[in-house]
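Analysis of the macromolecular model
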Amino acid sequence: MALLEIRDLTVEIATPEGPVAILESLDLTLESGRSLGLVGESGCGKSMTALAVMGLLPKAARAHGTIRLGGQDLLALPEEALCRLRGRRMAMIFQEPMTALNPVKPIGQQVAESLRQHLGLARADAEARAAKLLDRVGLPQARFPLGLFPHQLSGGQRQRVLIAAAMACGPDLLIADEPTTALDVTIQAQVLDLIAELVESEGLALLLITHDLGVVAEMADDVAVMYSGRIVEAGPATALFRQMAHPYARGLFAAMPQAPGSGEEGGTRLATIPGRVPNPAERPAGCAFAPRCPHRLPGCAFEPPIEHLADAHWVRCLAPRRGAPAP
Amino acid sequence: MSVFLAKRGLALLLTLLVASLVVFLVMEVLPGDPALIILGTGAQDDTIAALRQQMGLDRPMMERYLAWLGGLLTGEFGESYTYGKPVLTLIGERVMVSLPLAVMAIVLSTAIALPLGVAAAARHGRPADVAIMGFVQLGVAVPNFWFAMLLILFFAVNLGWVPAGGFAGWEEGALAALLSLLLPAIALALPQAAILARVTRSSVLEVMQEDYVRTARAKGLTRGQALWRHGVRNALIPVVTIMGLQFSFLLAGTIIIENVFYLPGLGRLIFQAIAQRDLVVVKDLVILLAAAVILVNFLVDLSYALLDPRLRLGGDGH
Amino acid sequence: MAIKVGLAAALAESGKSRAFVIGGAISGFFLSIALLALVWTPHSVFQMAIREKLQGPSWSHLLGTDHFGRDLLSMLMVGASNSIGVAVVAVAVGLAFGVPLGALAAAKRGWIDEVVMRFNDFAFAFPALLSAVMITAVFGPGGVNSIIAIGIFNIPVFARVTRGGALSLWQREYVLAARVAGKGTTRITIEHILPNIASLLIVQGTIQFALGILAEAGLSYLGLGTQPPLPSWGKMLAEAQTMLFLAPQLAILPGLAIVLSVLGLNLLGDGLRDLLDPRLRRAR
């Protein structure tokens, strides 16, 4: 049984003009010990998916469907039960490390917090464990004592603290929502390496949310591409990168600055996808990508079918592309 | 930290000095000859001159200023013309009324405002929040002396639970004394509570949006726990600022409220002294009250350092 | 210009803010009464008719009479022009001195800024009412002196708001562009800074207006404000206090007038803030 199973997840937000679907019938599976990269542009709903799993959706949002973590349907649980799971079985780190730590509390306390909350450890024990955790994420006690305050650390260091706090109780699932987007490029690599290492040594399941295909290519075992509230293509990373079937995925790939096969020396123009992501309230019927798709067909005005390509690789498209992604 | 303290301490001394100068100069402009006022218009010129010399009114301004300042620092406050008592004694008597009054008002206002503000923030947008904000709007619009009159009308006249005015005196026992301060304290506390509740609410609301509260929830804390353990200290910072500012409004309020309730306190003393041109009392009292306000603001500044480690330790990431 | 677009758009959408509508209605009501009282009141407020004292509401005296037989409605009306008049001029004083101070501090920085900040800190440290009491006591009670006293305490408020708003604007690109183009600080201040902080000043102005009414009432209550025989809400309350048992309505009516006018202004200020701020942010 997969660790995380999302079936038919729909998330609606109440607006003055009526409910708007941010996520539509999402299906997602994540096995224990594997990493899934959830890719898409801003506004496609990837963060919403993460928040839905954690049960931290904004008040105006309603979730329907099922989200199973180790067999339990999270959407059916009351808030107290969710509180017991958060930080204990499932943990999340966010995009902005600069503001994600409480400025008036020392980092030791913030790392130890879930230990005391879930495992009932006494202060001294929790702090000892916190010291070990900080050590594990590359912040040794000698230079980074427990009494340090967040403002005394850089962005990358703060993200490490947050990772340590998230890992404290040994969760089965780690959700990382764009963990390196706000960091410098060199630090990005370090933090991603740290996450990859932890995933491997602790046997975690990782749901990595990002807009950067490059990151996904490096870190993820499986990939899911999202567009406007739906997953449009998913499969094992190797299969997907070998043959991207959905025009949007291909467009994303081509838009990468270091996309291979650009041909001429001395810089080509970056490929772009014309148009922009539709407002969830104005989503077109049928395939949401159709208006921007270079291979659009009249049949795309209807709900696109799901086509299964090789091993566990599927795509939601009327006319999926063949062959390696071209520039 | 010590740099912070030193800078603030210097600013404090400077402000106190300038305050004393301003008070002295304003009093200098006061028309009318104090000696003449004391002796009356029928007095003879040389008697007036003698009294002036005795009161030191014929010495140059700078000398009088420094003498006054020196006296303040050594506790030699001078003697009041109208009451014939040393000003220090007068202040001592009156403070026994004003201080308990101020303390009661602060306690009441904080005890009402903080829970209300937090409750309103927690139930943001819902009926309870709207009701509390309605109370706040009314509270800031009501003049405290009118509210005082309404309180007297209702509780003292109609119900007879508390006296309508005057101070029972500490000799009558603590309960009677405090009871006669109850209505005045409520009247003082209400507008302050309204402002404080509003600030508390907006501060808590802002803190609730902060990323670190979301982090806390992601770790498994309930909404309440996240708010309490992470939000409160951060939310307190603006609240403490306003409480410090309110101290000066409180002092101003006592002037009016003590008049409404005929309480023999410092506020009433100032008012009467001004009316009677009792220069000595006025000068000493005004600078005393101003110094109290300046001191309180200084303490508020210091408390930031306690609450916010960023001020204490400074420095950025490596 | 951004501010004109902002104001026009704001007025067009003013219906959206309940606070603005209600506050505007109440404030408008009091303003009209105050203006009307300048030329006409049902009865003369100087005419005492002891035989008609302490009457209840009637056709000739819509709100009754006070202990001297004066028509309460007329007294309240004149009190309105008094309170509003004092508060308006006090706000004008605050603006006239405070805005240039704050703009100067923000534009020049350096020691000028330090001096203005110290002055502000110092002014805020003095209990406002206490100093107003001192000023009116020293220079004599009366409407003009209470205007000065209240106005003096509006100065640091407007200076602080102006300085704060201006400081952030000096960092904006279009201001930097103007400086690069060689425009002097005075021209930049007048052309760019002031129009864009106008909304801040308008909102703060309504708040200080409301506070001015409260302050004037307090001063008049203590006998330091507008002097008799000119009626003022505060003085009416002071006189009413002596007859609290006999005629409570004498205390209730002026108090209600104060509460309602201040409430109306506060709501108006809140409504203006809702309308002007987001609009101006978009217009930039």
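Look up a bit, the structure's there.
What comes next is a walk through the structure. Everything numeric here is computed off the predicted structure, so don't read it as measured data.

Attention now goes to the overall build of chain B. Looking only at helices and strands, one finds 13 helices and 0 strands in chain B. Put simply, chain B runs from its N terminus to its C terminus through helices and strands in the order α-α-α-α-α-α-α-α-α-α-α-α-α. Residues classed as buried in chain B amount to 49% of the 318 residues present. Taking contacts inside chain B between residues at least 6 apart in sequence as the whole, the part at least 24 apart equals 72%. Looking at chain B as shown, the accessible area adds up to about 14800 Å², and 68% of this sits on carbon and sulfur atoms.

Quick look at the layout of surface pockets now. Its boundaries defined by the atoms lining it, the second largest pocket holds a volume of some 1100 Å³. Around the second largest pocket, the lining is made up of 29 residues, and of these Arg8(B), Asp301(B), Met117(C), Arg118(C) and Asp121(C) lie nearest the centre. Elements represented by at least two residues in the lining of the second largest pocket include exactly helix H1 (2-29), helix H10 (223-260) and helix H12 (279-307) of chain B together with helix H4 (110-125) and helix H6 (143-170) of chain C. Sorting elements by how many residues they give to the lining of the second largest pocket places H4(C) first, with 10 residues. For the lining of the second largest pocket, the per-class residue count stands at 17 nonpolar, 4 polar and 8 charged.

Contact with chain C, which involves 34 residues of that partner, is made by 40 residues of chain B. In total, about 3400 Å² of surface goes out of reach between chain C and chain B, with carbon and sulfur atoms giving 83% of it. In this structure, the connection of chain C to chain B is made through 0 salt bridges. Taken together, chain C and chain B are joined by 3 residue pairs in polar contact (both at pLDDT 80 or more). Counting only elements with at least two residues in the side of chain C that touches chain B, the list comes to H4, helix H5 (128-139), helix H8 (185-221), helix H9 (233-241) and helix H10 (249-283) of chain C. The dominant element in the side of chain C that touches chain B, judged by the number of residues it contributes, is H10(C), at 11 residues.

Turning our attention to the interface of chain A and chain B. Taken residue by residue, the interface counts 32 residues in chain A and 25 residues in chain B. Buried surface at the junction of chain A and chain B, both sides included, amounts to about 2700 Å², of which 53% is carbon and sulfur. Interface area lost by chain A to chain B is led by Val104(A), Glu113(A) and His151(A), which between them contribute 24%. Joining chain A to chain B, the criterion identifies 2 salt bridges. A salt bridge links Glu79(A) to Arg217(B); the shortest N-O distance between them is 2.7 Å. For the pair chain A and chain B, the interface holds 14 residue pairs in polar contact (both at pLDDT 80 or more).

All names here are of chain C. A contiguous nonpolar patch, built from Leu 31, Leu 35, Leu 36, Leu 38, Val 39 and Trp 40 and spanning about 650 Å² of accessible area, is present on the exposed surface. The topology assignment puts Leu 31 in helix H2 (residues 18-39). Judged by relative accessible area, Leu 31 falls into the partly exposed class, the value being 42%.

To continue, consider the sheet that holds strand E2 (residues 18-30) of chain A. Residue and element names in this part refer to chain A. Spatially, E2-E1-E4-E5 is the arrangement adopted by the 4 strands of the open sheet, whose pairing is antiparallel. Of all the strands in the sheet, just E2 and strand E5 (72-73) have a single pairing partner and so form its edges. Contacts from helix H1 (residues 46-54) reach strand E1 (4-15), E2 and strand E4 (61-69) within the one sheet, and its direction differs from that of E1 by about 105°.

The bulk of non-glycine residues show a negative phi, and the bulk of peptide bonds are trans. Residues and elements named next belong to chain A. In the Ramachandran plot, Asp 8 falls in the positive-phi region, its phi being about 55° despite a non-glycine side chain. With respect to the element layout, Asp 8 can be found in strand E1. One non-glycine residue, Ser 228, lies in positive phi territory at about 45°. Take Ser 228: it is sitting in the loop between strand E9 (222-227) and strand E10 (230-236).

Let's shift gears to a positive patch on the surface. A cluster of basic side chains, namely Lys59(A), Arg123(B), Arg126(B) and Arg223(B), defines a positive patch on the protein surface. As for its placement among the helices and strands, Lys59(A) is situated in the loop between H1 and E4. Here Lys59(A) falls in the exposed class, since its relative accessible area comes to 59%.

Proteins that are soluble and globular tend to have nonpolar side chains buried together. Counting 140 residues, the largest nonpolar core has Tyr221(C) and Trp233(C) as its most contacted members. Those residues within four positions of Tyr221(C) in sequence are excluded, and the remaining contacts are Phe145(B), Met149(B), Ile256(B), Val260(B), Gly234(C), Lys235(C), Leu237(C), Ala238(C) and Gln241(C). Counting residues in hydrophobic clusters, the runner-up holds 43 residues, among them Leu101(A), Val137(A), Ile163(A) and Met219(A).

A separate point is the pairing of strand E8 (residues 205-210) of chain A. All names here are of chain A. The element E8 is largely enclosed, with a buried count of 6 among its 6 residues. Looking at chain direction, strand E3 (residues 35-39) and E8 are connected through 5 bridges and run parallel. Its bridge partner lying in E8, Gly 37 is registered against Leu 208. Relative to E8, strand E7 (residues 173-177) runs parallel, the two sharing 5 bridges. The partner of Leu 174 across the bridge, within E8, is Leu 206. Between the parallel elements E7 and E8, the chain passes through helix H6 (residues 185-202) in a crossover that is right-handed.

As a further point, take the state of the cysteines. Residue and element names in this part refer to chain A. Overall, the coordinates contain 0 disulfides over all chains when judged by the stated rule. Cys 287 forms no disulfide, and the closest cysteine sulfur to it belongs to Cys 300, at a distance of 5.9 Å. Its relative accessible area of 12% is what places Cys 300 among the buried residues.

Residue and element names in this part refer to chain C. Contact geometry of helix H3 (residues 72-108) with H6 gives a least axis separation of 5 Å together with a crossing angle of 35°. Viewed along their axes, H3 and H6 form a crossing whose handedness is right-handed. For the contact of H3 with H6, the per-class residue count stands at 21 nonpolar, 6 polar and 1 charged.

This brings us to the sheet that holds E9(A). Residue and element names in this part refer to chain A. Reading across from one edge, E6-E7-E8-E3-E9-E10-E12-E11 is the order of the 8 strands in this open sheet, with mixed pairing throughout. What marks the edges here is a single partner per strand, and that holds for strand E6 (90-93) and strand E11 (306-308). On average, each strand axis in the sheet is inclined to that of its neighbour by 15°, with strand direction left out of account. Relative to strand E12 (residues 314-316), E11 runs antiparallel, the two being bridged by 3 bridges. Each residue of the ladder has a partner; that of His 308, found in E12, is Trp 314. Running over the sheet, helix H9 (residues 247-255) touches E3, E9 and E10 and is turned about 105° from E9.

How each quantity is defined
Residues numbered from 1 in each chain as written. Chains lettered and ligands numbered in written order. Predicted model: local features only at pLDDT ≥ 70, side-chain atom pairs only at ≥ 80, totals over all residues. Heavy atoms only, no water. Helix = DSSP H or I, 4+ residues; strand = E, 2+ residues; numbered from the N terminus. Buried < 20%, exposed > 50% of the residue type's maximum accessible area, 1.4 Å probe, protein only. Contact = heavy atoms within 4.5 Å. Areas by Shrake-Rupley, 256 points an atom, 1.4 Å probe, with all protein chains shown as cover. 1 Å grid on protein atoms, 1.4 Å probe; cavity = no way out; pocket = protein on both sides within 12 Å on 5 of 7 lines; lining within 4 Å. Points joined across faces, edges and corners; volume = space filled by probe spheres on them. Nonpolar A, V, L, I, M, F, W, Y, C, P; charged D, E, K, R; others polar. Buried area = accessible area lost by both parts, 1.4 Å probe. Salt bridge = Lys/Arg side-chain N within 4 Å of Asp/Glu carboxyl O. Polar contact = N/O pair within 3.5 Å; in protein donor to acceptor, adjacent residues only side chain to side chain. Patch = residues over 30% accessible without salt bridge, like charges linked within 9 Å, V, L, I, M, F, W, Y side chains within 5 Å. Pairing = 2+ DSSP bridges. Axes fitted to C-alpha atoms, helices over the stretch in contact; angles between N-to-C directions. Lys, Arg positive; Asp, Glu negative; His and termini not counted. Charge placed at Lys NZ, Arg CZ, Asp CG, Glu CD. Core = buried A, V, L, I, M, F, W, Y, C linked by side-chain atoms within 4.5 Å. Right-handed = clockwise from strand over helix to strand, strands pointing away. Disulfide = S-S within 2.5 Å. Left-handed = near helix turned anticlockwise from the far one by under 90°.

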